[in-house]
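Descriptive analysis of the structure
Listed below are the residues making up each chain.
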Amino acid sequence: MALDARQKRRITILGSTGSIGTSTLDVLRQLGGRDRFDVLAVTGNGNVDLLAAQARECGARLAVTADENRYGALKDALAGSGIAVAAGRAALLEAASGDADWVMAAIVGTAGLAPTLAAAKRGADIALANKECLVSAGDLFVQAVSEGGGRLIPVDSEHSAIFQALEDDQRHAVERIVLTASGGPFRTWSREQMADVTADIARAHPNWSMGLKISIGSASMFNKALEMIEAKHLFDVRPDQIEVVVHPQSIIHSMVGYVDGSVLAQLGAPDMRTAIGYALTYPQRSPLDVKRLDFARLSRLDFEAPDETRFPALRLARTALTRGGLQGAVMNAAEEVAFHAFVGGRIGFLSMADIAEQVMDKLAHLPPASSMDDVFAADEEARQVAAGLIR
Ligand code: NDP
């Protein structure tokens, strides 16, 4: 959305209380705060105290909790502030459809799909952290953004790296994209060692500080699996052009290989604020107070092939990409249900991939989606099948 440089940018942050949301508010603060940005809405779910504090700090006009039961708590926390308060799913959709120029999509999981879609349809630029939107709705989501007239700017560090390394007029010359993966806390573990881990052990990521779901997803490599599907839709590449390489230091965030053998990479300290800042000021770059790379101290960058036997999620992503249709939505929903069961102590770490695979096989017959209703229906069906398997 083109803006006069003197105008304040109107911002909405969906999922402001999470890891990405909090970093987004820090980036806004660093880049001029209220002098440059008019925050229309911040949204959260359970953490209403933080939501209220954020709304006061950034001068948001509206604060929304998706949880209707927390309306009273949020209203009390914002009493006398002049900030409007709302709660529930409809209120969240209304906030997402507001008049923002730029919307950060940072709600975790499929809960983020409908609000992000609403913002896209209204024509806002979408800074996409919520990869589940693209994994589930794929080309329908891309089409909604395009019809709305806004831009889709990736925030996931890997996809931001590819976005930055892609030369606009040379897209036809892209041979492959290479997603880097840290390998997570179990990079060198055997399946036997992983079998009994708890969520507390699995969430301890070696390089990044992130929300619970993506941390567990990094340990199982389901996060990378989702990112492979996200990459297909974002960059319109064939499945065989998407590679994954394990790079334990998380310094190279991803790469683009061209037909002449050149590989362009984007590097930086593992800090999401760089990708968020880029999404906010794209195509410009703005100064950010984040750690700089010191190459002399870095001394080495390692790479290894991913092991799809120990980390079957990667194989499942390839299956979903090959089968196409609604398999992304099915894999995503099944994984989300399995993730909650693992965190709740009802299934083991390795069962997450088993359940996703079984659900994908059971629902492989679903025809391709012709509308968002088909996506939501497949999501619901996959959840029910996964829940049945877990019971
Ligand atoms: P967090 O768990 O830290 O935050 C999630 C946000 O979503 C919170 O604001 C939470 O509210 C809100 N939320 C949770 N459930 C619902 C719901 N049912 N309805 C509405 N809002 C809800 O997640 P992250 O910030 O780590 O991740 C957000 C997204 O960004 C994910 O899709 C993730 O894959 C992606 N991402 C994250 C990265 C990271 O470094 N963290 C990197 C790249 C991508 P509350 O806390 O108030 O309950």
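Here the structure is a predicted model, which means the values were calculated and not measured.

**A short note on the pattern of salt bridges**
With the rule as written, the count across this model stands at 27 salt bridges. Note that lysine 131 and aspartate 156 form a salt bridge whose closest N and O atoms lie 3.0 Å from each other. You can see lysine 131 sitting in the loop between β6 (125–128) and α6 (132–148) and its partner aspartate 156 sitting in the loop between β7 (152–154) and α7 (157–165), a full 25 residues away along the chain. Accessibility expressed as a relative area gives 7% for aspartate 156, which makes it buried. The closest approach of N and O atoms between glutamate 243 and arginine 176, which form a salt bridge, is 3.0 Å. With glutamate 243 in strand β9 (residues 242–246) and arginine 176 in strand β8 (residues 174–181), this pair connects stretches of sequence that are 67 residues apart. Under the relative-accessibility criterion, glutamate 243 is labelled partly exposed at 30%. Given a relative accessible area of 28%, arginine 176 falls into the partly exposed group. Each member of the salt-bridge network shares a partner with another, and the members are Asp26, Arg29, Glu57, Asp271 and Arg273.

**Focus: a nonpolar patch on the surface**
A surface patch of nonpolar side chains, amounting to about 360 Å² of accessible area, comprises Leu267, Phe295, Leu301 and Phe303. Position of phenylalanine 303 relative to the elements: it lies in the loop between α13 (295–298) and α14 (313–323). Judged by relative accessible area, which is 42%, phenylalanine 303 ranks as partly exposed.

**A closer look at the site of the ligand**
The environment of the ligand is formed by 25 residues, the closest being Thr17, Ser19, Gly46, Glu132 and Asp156. The contact in question runs from an oxygen atom of the ligand to an N or O atom on the backbone of glycine 18, over 3.2 Å. Within the backbone of glycine 46, one N or O atom sits 2.8 Å away from an oxygen atom of the ligand. The fraction of the free accessible surface of the ligand (900 Å²) that becomes covered by protein chains is 84%.

**Thoughts on the UniProt feature "binding site: Mn(2+)" (unreviewed entry) in the protein chain**
In the UniProt entry, the feature "binding site: Mn(2+)" (unreviewed entry) is given for Asp156, Glu158 and Glu227. These annotated residues cover 72 residues of sequence, and their C-alpha atoms all fall within 8.4 Å of one another, placing them together at a single site. For aspartate 156, the residues in contact, after removing those within four places along its chain, are Leu128, Lys131, Glu227, Glu230 and Met272. A polar atom in the side chain of aspartate 156 sits 3.0 Å from the side chain of lysine 131. Relative to the helices and strands, glutamate 227 is located in helix α11 (residues 222–235). Not counting residues within four places of it along the chain, the set of residues in contact with glutamate 227 comprises Lys131, Asp156, Glu158, His159 and Leu179.

**So, the sheet that holds β8**
A sheet is described by the order of its strands in space; here four strands give the open sequence β9-β8-β10-β11, paired in mixed fashion. Of all the strands in the sheet, the pair left with one neighbour each is β9 and β11 (263–267). The mean angle between the axes of side-by-side strands here comes to 20 degrees, regardless of whether they run parallel or antiparallel. Lying over the sheet, α7 contacts β8, β10 (252–258) and β11, oriented at roughly 40 degrees with respect to β10.

**Focus: the UniProt feature "domain: 1-deoxy-D-xylulose 5-phosphate reductoisomerase C-terminal" (unreviewed entry) in the protein chain**
The residues that UniProt annotates with the feature "domain: 1-deoxy-D-xylulose 5-phosphate reductoisomerase C-terminal" (unreviewed entry) are residues 152–235. For residues 152–235, helix accounts for 48% and strand for 13%, while the C-alpha atoms at its two ends are 11 Å apart.

**A word on the environment of leucine 31**
You can see leucine 31 is positioned in the loop between α1 (19–30) and β2 (37–44). Separated by 99 residues in the primary sequence, leucine 31 and asparagine 130 place their C-alpha atoms 23 Å from one another. Residues in contact with leucine 31, not counting those within four places in the same chain, are Arg36, Phe37, Leu280, Thr281, Ser286, Pro287 and Leu288.

**Structural notes on the nonpolar core**
One finds Met104, Phe141 and Phe349 to be the most contacted residues of the largest nonpolar core, which totals 134 residues. Tallying contributions element by element places helix α15 (residues 327–343) first for this core, with 10 residues. Contacts of methionine 104, omitting those with residues within four sequence positions, involve Thr12, Ile13, Leu14, Ile20, Thr24, Ala127, Ala129, Val155 and Ile276.

**Section: α7**
Within α7, nine of the nine residues are buried, leaving the element largely enclosed by the surrounding structure. Every buried residue belonging to α7 is among Ser157, Glu158, His159, Ser160, Ala161, Ile162, Phe163, Gln164 and Ala165, and all of these are buried.

**Considering the packing of α6 against α15**
Contact pair α6 / α15: the axes reach a minimum separation of 7 Å and the direction vectors enclose 150 degrees. When the interaxial angle is binned, α6 and α15 end up roughly antiparallel. Considering how the two elements wind past one another, α6 and α15 form a crossing that is left-handed. Across from Glu132, Val135 and Ser136 in α6, the residues of α15 making contact are Gly328, Ala329 and Asn332. Its residues assigned to classes, the contact of α6 with α15 comprises two nonpolar, three polar and one charged.

**So, the sheet that holds strand β1 (residues 9–14)**
Pairing is parallel across the open sheet formed by seven strands, whose spatial order is β4-β3-β2-β1-β5-β6-β7. Each having just a single partner strand, β4 (84–87) and β7 make up the two edges of the open sheet. Strand-to-strand twist in this sheet, taken as the mean axis angle between neighbours without regard to direction, amounts to 20 degrees. Summarising the sheet, strand β5 (residues 102–105) and β6 pair through four bridges and their orientation is parallel. Bridge assignment links tryptophan 102 to a residue of β6, and that residue is aspartate 125. The strands touched by helix α2 (residues 48–58) are β2 and β3 (62–65); relative to β2, the strand with the most contacts, the crossing angle is about 175 degrees.

Reading the values: the criteria
Residues numbered from 1 in each chain as written. Predicted model: local features only at pLDDT ≥ 70, side-chain atom pairs only at ≥ 80, totals over all residues. Heavy atoms only, no water. Salt bridge = Lys/Arg side-chain N within 4 Å of Asp/Glu carboxyl O. Helix = DSSP H or I, 4+ residues; strand = E, 2+ residues; numbered from the N terminus. Buried < 20%, exposed > 50% of the residue type's maximum accessible area, 1.4 Å probe, protein only. Patch = residues over 30% accessible without salt bridge, like charges linked within 9 Å, V, L, I, M, F, W, Y side chains within 5 Å. Areas by Shrake-Rupley, 256 points an atom, 1.4 Å probe, with all protein chains shown as cover. Near = heavy atom within 4 Å. Polar contact = N/O pair within 3.5 Å; in protein donor to acceptor, adjacent residues only side chain to side chain. UniProt positions renumbered as here; feature names shortened; annotations may be inferred. Contact = heavy atoms within 4.5 Å. Pairing = 2+ DSSP bridges. Axes fitted to C-alpha atoms, helices over the stretch in contact; angles between N-to-C directions. Core = buried A, V, L, I, M, F, W, Y, C linked by side-chain atoms within 4.5 Å. Parallel < 35°, antiparallel > 145°, perpendicular 65-115°, else oblique. Left-handed = near helix turned anticlockwise from the far one by under 90°. Nonpolar A, V, L, I, M, F, W, Y, C, P; charged D, E, K, R; others polar.

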